[in-house]
Number of protein chains: 2
Amino acid sequence: MVYRPAMKSIEWLGDKVQIIDQTRLPLEEVYIETDSYLEIADAIKKLRIRGAPAIGIAAGFGFALGARQFKGEQRAELDRQLDEVAALLLSTRPTAVNLSWALNRMRCVLNENPHRSVKEMKELLLDEAKKIQSEDIETCRRIGQHGSELVPERAGILTHCNTGALATGDYGTAQSIIVTAHERGKRVRVFADETRPLLQGARLTTWELMKRNIDVTLITDNTAAFVMKQGLVDLVVVGADRIARNGDVANKIGTYNLAVLAEKHKIPFYVAAPISSIDFQLSSGAGIPIEERDPKEVTEGFGKRIAPHGVHVYSPAFDITPHELVTSIITEHGITRPPYDKTIASLRSPTKV
Amino acid sequence: MVYRPAMKSIEWLGDKVQIIDQTRLPLEEVYIETDSYLEIADAIKKLRIRGAPAIGIAAGFGFALGARQFKGEQRAELDRQLDEVAALLLSTRPTAVNLSWALNRMRCVLNENPHRSVKEMKELLLDEAKKIQSEDIETCRRIGQHGSELVPERAGILTHCNTGALATGDYGTAQSIIVTAHERGKRVRVFADETRPLLQGARLTTWELMKRNIDVTLITDNTAAFVMKQGLVDLVVVGADRIARNGDVANKIGTYNLAVLAEKHKIPFYVAAPISSIDFQLSSGAGIPIEERDPKEVTEGFGKRIAPHGVHVYSPAFDITPHELVTSIITEHGITRPPYDKTIASLRSPTKV
C-alpha cells in the first residue's frame, strides 16, 4: 500500500512557491502562490505555514526566493541582501530551531561557493531548498517506520497539535508514526486534543486523519486526563519544536501537561522529531526562548470576542517538557532512549550542520 | 468593607423570576424574566443559568412557579402536576446533585403539609424557594470566610470554570474564597482557565473578578501546567457539582487534570462547595453520572465551525477527581480534611436533606 499524502504544505511550482493556507483549513482549501521572500516571512509569522519542519523548509525556499529577487550582478551585494533576507526570516518565530537550522544550511551553500556567479548561486540555493524538503520527506517516512514499532496491535493514541504532512515536507513526525502503524494493519484509535488557542488539532489533525480513514476523536485539551483515566490511551505521541542536548523538549503549549498526565497514568510518552529539531548547542530546555502570542488569539480567535475587553492574557505558544518525562525520542535514525545526554550526542552526524 | 455582588444569577421580582443569561456574557447583559417553570427548565438545560448551587436555586423557583401556574383548586391535582414539574426540572442536567437536593426540599414542604389548600401551598413553596436562595448566600459567605484562612498573604491562585456569584445565590464557592481573601487585604493573583468548551472561565470568571478589581490573568486550559512549573501558583481552588461520601469530586471537565498537575507540583488542591453538593447516598465517584454535551459546543461553539464536518467528538461536561488528590474540602461548616469517609459523614446534619 502506497502512502499518499493528503496535502503538501509547501511546493515548488517551477518559478514560485505554493503554500496551503493552514489558517483557513479545514473549511477552505486556499493556496498562496508567491515568488517573494517577504510573503514567505509573512506566511510563517501568521502561521499560514506552521510546524517546525515545514517552517524550516519554508525558510529555505524563502532564502532561495530572496536570491532570485536580487537584480544585480555582484556576488558581494547578493550576499549582503541575503543577510537581510535571513535576518527577516529568522525573526518570524523564535522557538523552532529548524528555522535557524535551514537558514544555516542555505548560508553554507553561499559560503562554500565564494567564486560562483550570482546566476549560478540562484540555482544552487534553489537546489538546496529543494534538498531540505526532499530530505525532510525521507526523514519523516523513517520516523514513521521506526516509531510504528512502538505501537501495539490495538492502540489508543493521544496526540496534540498537528504533526502531519501539513507540519512537515510530507508524512509528518508524530502523525507519521500513527499513519504508518495504521498502514501496517494495526488498529489505532486516535484522540486529538483540539489544541487551544489556534486549534491545530481540531482543524488540521482531524482533517488529515479523516482523509486517511483513521479513527479519530476530537477532545478539548482538558479532557485528556479523563480519557487516560478511563484506560483509553496506550501511548501519547507528540512532535517537537526544539530539543535540547539533555532531552528537554519544547513543543506546543499543553505538551508538558500531557507528559505529567502520562506519567501519572503510567502511559509511555513519545516525542517524534527530525534531528534538525535538536539544538546541539543547548544543554537544557531552560535556554529555549518561548514565543508569546497575541492575546487576541485567545480572546477573539473564533471571529467572536469571548472574554471581557482589557483582560490580561498569558499565552505562551510552547512549553518545556523535562527529559525525565520523555520515554523515547524517535528520529530518522531510530528510537533514542535515556540517558539522553549520552544518546542524543551520538545522533550528531558530521553531515548535519 | 461591604461585599457587593457583581450580579445576582437569579432573583425573585415579586411575581416572576429574573435570570441573567450567562450564555450572552460578558459582552451583553441580557435578562430573562419568566413566570413559567418550562422556561426555567429550558434555561437550566441551555446553561443560561449554571453552576451547581445556582441550578438548585433555579429548580426551587421553577418548582414554585409550577405551583403558581396551577389553575385548579384540588390539592391532589396540584401534587400530581408538581410531580411532572419536578421530573422535568430533574431531567435538565444529570450531574449536579443540588438539582435533586433542591427538588427534594420542595417536595418535603408538600408532604409535610398535606392538609393545606392550593393557595396556601403556592405561598409556602415560594417561601421555601426563597429560603433555599438565602441559605445558599449565607453558605457561600461562610465558605469564603473559612477558605480564605488557607490563602497565604501573597498568593497565586489557579481556578477553573466559574464558581462566582453567577454560579450560586451570591458570593460563589471557590470564588468566594478568592474574593474574601482579597477583601481581607491579601494580595492575590488569579489565573483563570478559559474552560473549554463553553469558556465559563474566559467569559464569566474574568468578568466577575475584573468587576471586583482582583488581578486576574486568563490562560488556555493547557497552559496551567506551565504556569505551575514556573512557580506562579500557590494553590488551586475549584468548585464541585457532586461530592461522593468518600471525597471523590465531580466537577467541570479539566478539574481532574488540574488535580494531577497540582500533585506533581506539590501545590494544595482545594474544593469548595456547599454541603448540598455532597451526595451522602454515593459511596464513591464511580456512581456519579457524567453528562455528555452536544459535539457542536466543541466544533462550532464560537459562531464559526472549527473542525471538519462529521468528526467524532467526545465531550463530557465533567470529570471525577479521586479523593486522594483533594487536599481539603471547604464547606459552610469549615475545612474538611482526609480521611474523608470519616470527616464527610460528620457533616451530615439532621436539618439538611
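Above this text you will find the structure in question.
A short tour of the structure in this document, coming up. Just so it is clear, the structure is predicted and the values come from calculations on it, not from any experiment.

## Quick word on the packing of helix α9 (residues 255–264) of chain A against helix α9 (residues 255–264) of chain B
Running from N to C, α9 of chain A and α9 of chain B cross one another at 85°; their axes reach a closest spacing of 10 Å. As the angle between them shows, α9 of chain A and α9 of chain B are arranged roughly perpendicular. The segment α9 of chain A lies against α9 of chain B, with Asn257, Val260, Leu261, Glu263 and Lys264 of chain A engaging Asn257, Val260, Leu261, Glu263 and Lys264 of chain B. Here the contact of α9 of chain A with α9 of chain B is composed, by residue class, of four nonpolar, two polar and four charged.

## A short note on the interface of chain A and chain B
It is common to give the size of an interface as the accessible area that goes away when the parts come together. At the junction of the two partners, chain A supplies 57 residues and chain B supplies 57 residues. Counting the surface lost from both chain A and chain B, the interface buries some 4,600 Å², and carbon and sulfur atoms represent 67% of this. A per-residue breakdown of the area chain A buries against chain B is headed by Asn222, Phe226 and Tyr314 of chain A, which together make up 16% of the total. Seen at the junction of chain A and chain B, the total is four salt bridges. When the shortest N-O distance is used, the salt bridge between Arg196 of chain A and Glu194 of chain B registers 2.5 Å. The tally of links between chain A and chain B comes to 18 residue pairs in polar contact (both at pLDDT 80 or more). For the side of chain A that touches chain B, the secondary-structure elements that each account for two or more residues are α7 (200–211), β6 (215–219), α8 (224–229), α9, α10 (296–299), β12 (312–313) and β13 (318–321) of chain A. Per element, the largest residue contribution to the side of chain A that touches chain B is six residues, and it comes from α9 of chain A. The residue makeup of the side of chain A that touches chain B, split by class, is 31 nonpolar, 15 polar and eleven charged. Relative to strand β12 (residues 312–313) of chain B, β6 of chain A runs parallel, the two being bridged by two bridges.

## Re the sheet that holds strand β4 (residues 154–159) of chain A
Strand pairing in a sheet relies on backbone hydrogen bonds. The paired strands run either parallel or antiparallel. Strand order in the open sheet formed by eight strands is β15(A)-β14(A)-β10(A)-β7(A)-β4(A)-β5(A)-β6(A)-β12(B), and the pairing between neighbours is mixed. Two strands bound the open sheet, and with one partner strand each, they are β15 (334–336) of chain A together with β12 of chain B. Inspection of the sheet shows strand β14 (residues 328–331) of chain A paired to β15 of chain A by three bridges, in the antiparallel sense. Its bridge partner lying in β15 of chain A, Ile330 of chain A is registered against Ile335 of chain A.

## Side note on the nonpolar core
Within the largest apolar cluster, 80 residues are counted, with the highest numbers of intra-cluster contacts made by Val236 of chain A together with Val236 of chain B. Apart from the residues within four sequence positions on either side, Val236 of chain A is in contact with Leu158, Met228, Leu258, Ala262, Ile267, Pro268, Phe269 and Tyr270 of chain A.

## Focus on the side chain of Asn251 of chain B
By the element assignment, Asn251 of chain B lies in strand β9 (residues 249–252). Setting aside anything within four residues of it in sequence, one finds Asn251 of chain B in contact with Val238, Gly239, Ala240, Asp241, Ala317, Phe318 and Asp319 of chain B.

## Focus on the relation of the copies chain A and chain B
Aligned on chain B, chain A shows an RMSD of 0.0 Å; the corresponding rotation is 180° and the shift along the axis is 0.0 Å. Put plainly, the chains are arranged around a two-fold axis. Closest to the rotation axis within chain A is the C-alpha of Phe302 of chain A, separated from it by 2.8 Å. Take the interface residues of chain A: 100% of them recur as interface residues in chain B, which is what a same-surface contact looks like.

## Describing the pairing of strand β10 (residues 269–272) of chain B
As a general feature of sheets, a regular strand has side chains that alternate between the two faces. Residues and elements named next belong to chain B. What you see with β10 is no split at all: Phe269 and Val271 on one side and Tyr270 and Ala272 on the other are buried throughout. The sheet contact formed by strand β7 (residues 235–238) and β10 spans three bridges and is parallel. Across the sheet, residue Val237 finds its bridge partner in β10, namely Tyr270.

## Thoughts on the pattern of salt bridges
Under the criterion given, the structure shown has 38 salt bridges over all chains. Taken together, the salt bridges that share partners define one network made up of Arg93, Glu291, Arg293 and Glu297 of chain A.

## Topic: the environment of Ala225 of chain A
Within the secondary structure, Ala225 of chain A sits in helix α8. For Ala225 of chain A, a relative accessible area of 0% gives the class buried. With near-sequence residues (within four places) excluded, Ala225 of chain A lies in contact with Leu261 and His265 of chain A together with Tyr256 and Asn257 of chain B.

## Regarding the layout of surface pockets
Its boundaries defined by the atoms lining it, the largest pocket holds a volume of some 610 Å³. Elements represented by at least two residues in the lining of the largest pocket include exactly α7 and α10 of chain A. Roughly 520 Å³ of internal volume is contained in the second largest pocket. Around the second largest pocket, the lining is made up of 24 residues, and of these Lys304 of chain A together with Thr23, Leu198, Arg203 and Gly301 of chain B lie nearest the centre. Of all the secondary-structure elements, those providing two or more residues to the lining of the second largest pocket are α7 (200–211) and α10 (296–299) of chain B.

Thresholds applied
Residues numbered from 1 in each chain as written. Chains lettered and ligands numbered in written order. Predicted model: local features only at pLDDT ≥ 70, side-chain atom pairs only at ≥ 80, totals over all residues. Heavy atoms only, no water. Axes fitted to C-alpha atoms, helices over the stretch in contact; angles between N-to-C directions. Helix = DSSP H or I, 4+ residues; strand = E, 2+ residues; numbered from the N terminus. Parallel < 35°, antiparallel > 145°, perpendicular 65-115°, else oblique. Contact = heavy atoms within 4.5 Å. Nonpolar A, V, L, I, M, F, W, Y, C, P; charged D, E, K, R; others polar. Buried area = accessible area lost by both parts, 1.4 Å probe. Salt bridge = Lys/Arg side-chain N within 4 Å of Asp/Glu carboxyl O. Polar contact = N/O pair within 3.5 Å; in protein donor to acceptor, adjacent residues only side chain to side chain. Pairing = 2+ DSSP bridges. Core = buried A, V, L, I, M, F, W, Y, C linked by side-chain atoms within 4.5 Å. Buried < 20%, exposed > 50% of the residue type's maximum accessible area, 1.4 Å probe, protein only. Least-squares fit on C-alpha atoms with pLDDT ≥ 70 in both. 1 Å grid on protein atoms, 1.4 Å probe; cavity = no way out; pocket = protein on both sides within 12 Å on 5 of 7 lines; lining within 4 Å. Points joined across faces, edges and corners; volume = space filled by probe spheres on them.

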